[in-house]
Every structure is written in structure tokens, then in C-alpha cells.
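# Architecture at a glance
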Amino acid sequence: MPAIALEKKHLLYINGEWIEPVSQQFYDVINPATGEAISKGSYGDDRDTEKAIDAAYKAFKPWSKTPAVERSKYLVRLYELLLENEEEFAHTISKEMGKPLREARTEVKSAADYILWNAEEAKRSYGDVIPSPMASKRLQTIKQPVGPVAAITPWNFPLSMVTRKISPALAAGCTVVFKPDSQTPGCATLFFKLAEQANLPKGVLNLVTGNSSKIGDQLLEDPRIRKLTFTGSTEVGKLLMQKAANQVKSVSMELGGHAPFIVFEDANLERAVEGVVASKFRNSGQTCICTNRIYVQESIKDKFLVLLKEKVEQLVIGNGLHESVDFGPLANAGGLTKVKDQVKDALDKGATLITGGKECTISGYENGLFYAPTVIADVDETMIVAYEETFGPLAPVFTFKTEEEVIERANDSVYGLASYFFTNDLSRSIRVAEALQYGMVGVNDALITSVQGPFGGVKESGIGREGGPDSLNEFLETKFISTGI
Ligand code: NAP
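Residues numbered from 1 in each chain as written. Predicted model: local features only at pLDDT ≥ 70, side-chain atom pairs only at ≥ 80, totals over all residues. Heavy atoms only, no water.

### A closer look at the layout of surface pockets
Its boundaries defined by the atoms lining it, the largest pocket holds a volume of some 890 Å³. Lining the largest pocket are 39 residues; nearest its centre among them are P154, W155, G232, S233 and V236. For the lining of the largest pocket, the leading source of residues is helix α8 (residues 234–245), giving six residues. Residue composition of the lining of the largest pocket, by class: 15 nonpolar, 16 polar and eight charged. Looking at the second largest pocket, its volume works out to about 720 Å³. Along the wall of the second largest pocket there are 32 residues; nearest its centre are E103, T106, F157, R282 and L447. Among the elements of the structure, α4 (101–122), α5 (160–172) and α9 (269–281) are those that each provide at least two residues to the lining of the second largest pocket. For the lining of the second largest pocket, the leading source of residues is α4, giving seven residues. Considered class by class, the residues forming the lining of the second largest pocket number 16 nonpolar, eight polar and eight charged. (1 Å grid on protein atoms, 1.4 Å probe; cavity = no way out; pocket = protein on both sides within 12 Å on 5 of 7 lines; lining within 4 Å. Points joined across faces, edges and corners; volume = space filled by probe spheres on them. Helix = DSSP H or I, 4+ residues; strand = E, 2+ residues; numbered from the N terminus. Nonpolar A, V, L, I, M, F, W, Y, C, P; charged D, E, K, R; others polar.)

### Some points on the side chain of E254
Here E254 shows up in strand β11 (residues 250–254). The buried charged residue E254 lacks any salt bridge partner; its closest oppositely charged side chain belongs to R164, at an N-O distance of 4.7 Å. Sequence-distant contacts of E254, defined by excluding residues within four places in its chain, comprise K165, F230, T231, G232, F455, G456, G457, S461, G464, R465 and E466. (Buried < 20%, exposed > 50% of the residue type's maximum accessible area, 1.4 Å probe, protein only. Lys, Arg positive; Asp, Glu negative; His and termini not counted. Salt bridge = Lys/Arg side-chain N within 4 Å of Asp/Glu carboxyl O. Contact = heavy atoms within 4.5 Å.)

### Focus on the site of the ligand
Lining the immediate environment of the ligand, one finds 30 residues, of which T153, S182, S233, L255 and E389 sit closest. One nitrogen or oxygen atom from the main chain of T153 is found 2.7 Å from an oxygen atom belonging to the ligand. Residue W155 places a side-chain N or O atom 2.9 Å away from an oxygen atom belonging to the ligand. Starting from 910 Å² of accessible surface for the ligand in isolation, the protein chains cover 86%. Most atoms of the ligand, that is more than half of them, are within 2 Å of grid points of the largest pocket. Broken down by secondary-structure element, the contributors of at least two residues to the shell around the ligand are α5, α7 (212–221), β10 (227–231) and α8. Each residue belonging to the shell around the ligand can be placed in one class, and the counts come to 14 nonpolar, 11 polar and five charged. (Near = heavy atom within 4 Å. Polar contact = N/O pair within 3.5 Å; in protein donor to acceptor, adjacent residues only side chain to side chain. Areas by Shrake-Rupley, 256 points an atom, 1.4 Å probe, with all protein chains shown as cover. Sits in = over half its atoms within 2 Å of the grid points.)

### Quick notes on the sheet that holds strand β20 (residues 476–484)
The antiparallel open sheet is built from three strands, whose spatial order is β5-β6-β20. Unpaired on one side and paired on the other, β5 (128–130) and β20 mark the two borders of the sheet. Ignoring strand direction, the axes of neighbouring strands in this sheet form an average angle of 20 degrees. Sheet topology note: the β5/strand β6 (residues 137–145) ladder contains three bridges and is antiparallel. What sits directly across from I130, in β6, is L139. (Pairing = 2+ DSSP bridges. Axes fitted to C-alpha atoms, helices over the stretch in contact; angles between N-to-C directions.)

Okay, here's the thing in C-alpha cells:
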């Protein structure tokens, strides 16, 4: 197969054809490390979306009837093609949203792993035979695909979010209309080129980019779309849920987070500090499971801050395309402003700056959106960072006295996605893991995402799970069949 390459102009992919948007309009895609326009995205709208829904609807019947083993083979081919093109994807991720190449390569592998996992799961969407209460009846359930699906994703994992949604949908027998974030159309376009190379039947996968509210409204108003799978902010997620309610469409929502990271005095401090750095500063703090509140037991606060400052100041900041870089720019100007505002608010209210706290200028990249990895101490619940998602490189350190107190404070959030704690006390590890009101808990583990584990949140962090044994179920309905004999 020919290797794929990022083009200067990204088209829409509808019913197996690359087409220009009806509006004939395009917008600039900006590299946040340089401030330069690197390509043009299609500014599609409701008219393109309607065409994409037509195609997905038409393709649904034959695709849902294709045996699961055959659907699985298409996915395995996609998995192989993705790994063959790892470098092109890694460079595109870094150019479009600033992630260091090392992290971008990890994302490509993880994106591929989701495809393989769901290719395997496709073959195992078993129903049940239920013991009947009557001799004259037989009871069973079968699993059937929910229907054509709308999928909308953010820019922070511009490839793995694509495969996390598309691969279980295809595995389950659904067709898809996919809308990536406007900032990262190139990653999605490259992936759709692979779908073309894998000879996926026309209309099974359709790509629309552009005016998000017009595209979203069309997807939610059309009764042929039976499910929305969304990853993004809680604010937009709530809006989409309200619109989906009009037709009682099924929804899966992967929304914002505000992860607590608790360090007990009995923890291995070195490992805990490494964990904080990994979970806070990966992707420049722009992951939904990034640590947003660090709670350190009072007796170890000073030692912890010395170690954390030392590790944070070792991070190499720069254009993610350079191999030596650990920490890239923020992906957009709005994100940079949010971090600056939260730092100012905390310092104005009495927090202490330990390191960072300012934008940085990188020689040769004066237009890049760089903000120094920042640690602040003496943080309290009056500060914005204590309750609003930062989505940037700000590590606020709170202190606590007792286990009971810290659990209460950690749970005092509208969010419930990821949480972390470090301890060497076995009983405490069980007690605290059970008490934290979060969809995911890392116990002495700060990098918790794996294709084998169910990823998702409770409270305002969302509904549903991606990955693990639950991922296919999000795209299947259970049908009950009662047969009289
Ligand atoms: P966002 O503003 O909610 O955008 C996410 C997606 O929704 C983008 O594709 C965006 O398109 C689209 N969108 C925005 N308004 C829309 C509308 N009215 N109708 C239809 N689509 C619409 O999120 P973000 O700020 O870019 O991403 C960061 C957020 O995502 C954070 O809160 C983060 O925690 C969350 N996130 C959650 C998870 C998880 O698994 N729980 C994973 C990653 C990120 P345009 O950008 O093109 O307008």
C-alpha cells in the first residue's frame, strides 16, 4: 500500500468520495508551536452533514448484516495500516496540537491497540439463553447494532479519540458520521485515507469538518442517527445531551475532569512525585485525566515540594517536533489565557509560587503558545483552580491532616473522572480506592489509561465507558426474544 502523507487541503469524506464542502469555504489549521498555518480544513455545515447521514444510513443495513468475523478483518487491516504509517501520524499530531513526538508515538500505538481490541471483541458480542419460568416458552437475548452513529471528538488526543469511537462502532455493526475538532482535521483525514486503503464499503465511515454547531444540530435533529458518542467539555456535552433528548437518542459522554492526587505520608515519595509530574504535565496538562488538585499530607509537604520543583524544572520545553522535547506549547490561545488567569487568581488570593508562573519564549518559536510548567503551594478552596478544570500545566498543592478529611475534600467536586493516590498501607489502599467517587482510581499508578480497562467517569464527567469489555456494548442494543413452543 502507498504510504499516506498529510496534504495542504483537507476535504470531506462522504460515501467513499473525497469532496469539497458545499460552502466552498476553508479555514487555516495553525501549528501552536510556530503560529504558522500548516494546512486548510474544510468548513462544512449541515448540508454536508445531511449527505453524510444519507450515506451512513444507506450503508447501515449491509454493514450490520456483514458477519462479525468479516468486520473484524477490516479492523485488523486498519490496525496494520495505522502502525505502518506511525511516523506520519506522530508528526501530524505534533504539528496540529503541539504534543512532543515521544508522546505522539505513544498515542499512535494506543490508537492502533483500540482497533485491535475491538476487532477481537467484534467476534464476541454474545447474547444469553435465559432459563424459562414456563415449559411452553424459550427466552433469549441477542445483541444488535444501535444504528448509524454520530461521533464528535476534541483535539487533545486527535488520533486515539478517533479510533476509540470508530473501532467499537464498526465492530458492533454501526456506520459512522465523524466530526473531529476543527484544530486537528489532518489526523482524522489521514485516518480516513487508511479506511479507503482498507477498502471499507462506501458510506460505512464518513468525515465532516467545519461549523460545529450546524454539524451537531443536523446530526441530532436527524432521526436516522440513533446514537451520539462525544468526547469534550462538560459544557458542550450537556448541550448535546439536551438536544439528543428530543429523540431519546442513546448517548455516550466522555467529559471534563478535575482529578485529585493524594500523597499520604507513608507513600514512596520519589514515586509519588514522578507520578504527579507524569499525570500533571503530560500533553502540557491537556488531558481530561490530568491531575488538577494535589493533596499532600502536612508532615511531608516541604520534602515533597523540594522534589517536585527539582523534577519539574528538568522538563525540556520546546517545539514537540524536536526529539529532546518533553513539554510542548498549549494547543490554543484560549487554553493559555485560562492557565494565566488561574495562576493570577491563586497568587492574588495568597498561594505561593514554587516554580514557573509565566509564559516562556523559545528561541526560534517566538509565536508559540508556551507556558512554563508551574507549581504553586498554599492553595485553598477559594481559588478557581480548586474547582475549575485547568487543562494546562498548573500544579496546585494543597495540604491535609487526616485520611477522612482528604477523602471528603477530594470528592467535593462536580467531576468524577480520574483520581490518584499514593500509599504503602495495604488497608488504606483498599479503603481509599473504594471511597473515591471517581470512574477511575490509580493506586500508586499515575498512568492509568489502557485499552483493556474501562475508561470513563461519573457525575458531570460523563456516561458510558470506552475500552475494556464494555466498549462494544456502548454501540449495541439488547433485544429480548420470548418464543412460545
Ligand atoms: P469542546 O469545546 O467541548 O469541543 C469538543 C468537540 O465538540 C469539538 O469537536 C468541537 O468542535 C465540538 N463542539 C463544540 N461545540 C459544539 C456544538 N455546539 N455542537 C457540536 N459539536 C460541538 O472541548 P475542548 O475544550 O476542545 O476539549 C477539551 C475538553 O474535553 C476538556 O474538558 C477535557 O476534559 C475533555 N476531554 C474528555 C475526555 C474523556 O475521555 N473524558 C478526553 C479528552 C478530553 P470545534 O472545536 O470544531 O468547534
